[in-house]
Amino acid sequence: MKYSAFSILKQGLSGNKGWQPAWREPEPKAEYDVIIVGGGGHGLATAYYLAKNHGITNVAVLEKGYLGSGNVGRNTTIVRANYLLEGNEPFYSHSLRLWEGLEQELNFNAMMSQRGVINLYHSDGQRDAYARRGNAMRLAGEDAELLGREEVRELVPFLDFDNPRFPVHGGLMQRRGGTARHDGVAWGYARGADSRGVDLIQNCEVTGIRREGGRVVGVETSRGFIGCKKLGLAAAGNSGRVAEMAGMRLPVESQVLQAFVSEGLKPFIDQVVTFGAALFYMSQSDKGGLVFGGSLDMYNSYAQRGNLQTVESVMEAACAMVPSVSRVKVLRSWGGVMDMSMDGSPIIDRTPVEDLYLNCGWCYGGFKATPASGWCFAHLLATGETHELAKAFRLDRFSRGYQIDETGHGAQANLH
Amino acid sequence: MASLITCPHCGTRPKEEFTIRGDASPVRPQLGAAFAAWDAYVHLRDNVRGPMKEHWQHSGGCRRWLVVERDTFSHAVHAVTDAAEFARGQAGGPGPAAKPARPARAAKAATAAKGRGQA
């Protein structure tokens, strides 16, 4: 069923009784050409592009909970392509282009809003760093604009510009960045994949990876054994546990990141604004709630909840950047389990186990990468070759010394 | 994350006084060790879901490094050992690998520990 203004009108006039479920709920088949573990954004996008770009439709996505129940439904919905390093920027640039055409492509309202992303700077050194980053982005074909203090004031007048410790001197603006409805992205890809014949199997937890002669032949699941010719892992925070089933250790630690939403306000903050004096970012959802977050809780965790110490520091950052939010009530906070890699960049690669492929290490930047991650992972699964845009995201880059370390923190997962 | 950690030197203190470094399981290889051993030490992690040993520093207290055994799913803290004692246990010495945290001995013990540090 195609969604359109006409279909809404037609269904509205007939009491909304004719809507179909957006996807089937099939029983698992005995064998698939490709099984993808993880029914989040990346897994669903991979299944969609496998079917669409490569014509491979005998595909199953196995999800232990319900579709989109992990990080794709728990993030702060920011879409941007403002990376510095060569290995990263072209990939995220491609992702942003896919975002721009996503709703037409999927016939689904993902509420993509290119409202602009502003990274504030508070010192001369930071200004230089952002000028350099902006230039790197422009060299990669992205848009970037270095704004001065008055230009930022015009856009976001309510910042604490004259803070004695962290005065706002300006910001780096990417106008094509913005936000998207996170659930909508998962649902859109799910519907698109399903309509092309992909089986989306929910409440199906993978408990083991069966190998014969060094090759993957299938997965043990809570719904029985399912055979496959190729297996792709897109399990985000649980990547380490799934990889362990195949006897692998990963350069990844799972850590908890919290996010917050306030009560609904009238239109207040038009862009996504990030603080340069602390790790903090804020935007406003279409419902009116301020959506914001800060840094990790810093310790390993598989629990989707965080600590009050981090809540306090995030609130302090919020009030330091935008003093007028000090009396706004926070409605809810939640945590997601991040697959923090040792250099802060992702991994899309084959593994030492034949026919086993890996997509992980997204740290807390996985949401914006969803389309390109699916695009490149599908290419890898279909052709066995690494996609040009993901050629830096190799698993062996750590042992070969080709880390992509945007922040320059070294092999300490919680600092990325 | 549990809100209290029991320091073997200072007693039960709020978690905010402690700073985490990370996984305490990887053991630094010998200087002449093979490259693969160094790669595994620096990069590869078990990424445990369940009880895990971690290095924490009591940065807002006695400043000793501690090995905290903590559950990464329930966030419960099971045992706290001084890192030096833990290392002796690892090396096969007399110290236990991880012993249950002692009850609070309050400021007196903290002062005594500090005094020893300065001596």
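What you see is a predicted model; the values in this text were computed from it and never measured.

S.K.: When you look at the interface of chain B and chain A in this model, what are you seeing that I'm missing?
M.R.: Interfaces are often sized by the amount of accessible area the parts lose when they come together. Between chain B and chain A, the residue contacts involve 24 residues of the former and 24 residues of the latter. For the chain B and chain A pair, buried surface summed over both sides reaches about 2,200 Å², with 46% attributable to carbon and sulfur atoms. For chain B, the biggest contributors to the area lost against chain A are His43, Arg45 and Asn47 of chain B; these three give 28% of the whole. Inspection of the chain B/chain A interface yields two salt bridges. The partner of glutamate 253 of chain A in a salt bridge is arginine 45 of chain B, with the nearest N and O atoms 3.2 Å apart. Viewed at the interface, chain A and chain B are joined by 13 residue pairs in polar contact (both at pLDDT 80 or more). When residues of the side of chain B that touches chain A are traced back to their parent elements, those giving at least two are strand 3 (19-23), helix 1 (35-43) and strand 4 (51-57) of chain B. Element by element, the count of residues in the side of chain B that touches chain A is highest for helix 1 of chain B, at five residues. By residue class, the composition of the side of chain B that touches chain A is ten nonpolar, five polar and nine charged.

S.K.: Is there a simple way to explain the side chain of aspartate 194 of chain A in this structure?
M.R.: Inspection of the secondary structure assignment puts aspartate 194 of chain A in helix 7 (residues 182-195). Beyond its immediate chain neighbours, meaning those up to four positions away, aspartate 194 of chain A contacts Ala22, Trp23, Arg24 and Leu200 of chain A.

S.K.: How should I be thinking about the nonpolar core in this particular structure?
M.R.: The nonpolar side chains of a soluble globular protein tend to be buried, and buried together. Residues and elements named next belong to chain A. Formed by 52 residues in total, the largest nonpolar core has its most connected members in Ile36, Phe91, Tyr189 and Ile348. Going through the elements one at a time, strand 1 (31-37), helix 2 (41-54), strand 2 (59-62), helix 3 (89-100), helix 4 (102-106), helix 7 and helix 10 (366-383) are the ones with two or more residues in this core. Among the elements that make up this core, the one with the highest residue count is helix 10 (eight residues). Once you skip the residues sitting within four places of it in the chain, isoleucine 36 turns out to touch Gly43, Thr46, Ala47, Leu50, Val59, Ala60, Val61, Leu62, Gly232, Ala234 and Leu381. Counting 40 residues, the second largest nonpolar core, distinct from the first, contains Ile78, Leu356, Leu395 and Phe398.

Cut-offs used in this document
Every chain is numbered on its own, with residues counted from 1 as its sequence reads. Here the convention is simple: chains get letters from A, ligands get numbers from 1, in the order in which they are written. Local features in this predicted model are restricted to residues whose pLDDT is 70 or higher, and side-chain atom pairs enter the listing and the counts only when it is 80 or higher, whereas totals over whole chains, interfaces and linings include all residues. Only hydrogens and water are set aside when side-chain values are computed; all heavy atoms of the structure are taken into account. Note on contacts: a residue pair qualifies if any of its non-hydrogen atoms lie within 4.5 Å across the two residues. In short, buried area is how much 1.4 Å probe accessible area vanishes from two parts on joining, totalled over both. Throughout this description, the term salt bridge denotes a Lys or Arg side-chain nitrogen within 4 Å of a carboxyl oxygen of Asp or Glu. Counted as a polar contact is a pair of N or O atoms within 3.5 Å, where, for protein atoms, one must be capable of donating a hydrogen and the other of accepting one, and residues adjacent in sequence contribute only when both atoms are in side chains. Segments assigned H or I by DSSP are reported as helices when at least four residues long, segments assigned E as strands when at least two residues long, and all are numbered from the N terminus. Only Asp, Glu, Lys and Arg are considered charged in this grouping, and only Ala, Val, Leu, Ile, Met, Phe, Trp, Tyr, Cys and Pro are considered nonpolar; every other residue, Gly among them, is considered polar. Among buried residues, the Ala, Val, Leu, Ile, Met, Phe, Trp, Tyr and Cys ones that are joined through side-chain atoms within 4.5 Å form a nonpolar core. When accessible area is computed with a 1.4 Å probe and restricted to protein chains, residues below 20% of their type maximum are described as buried, those above 50% as exposed, and intermediate ones as partly exposed.

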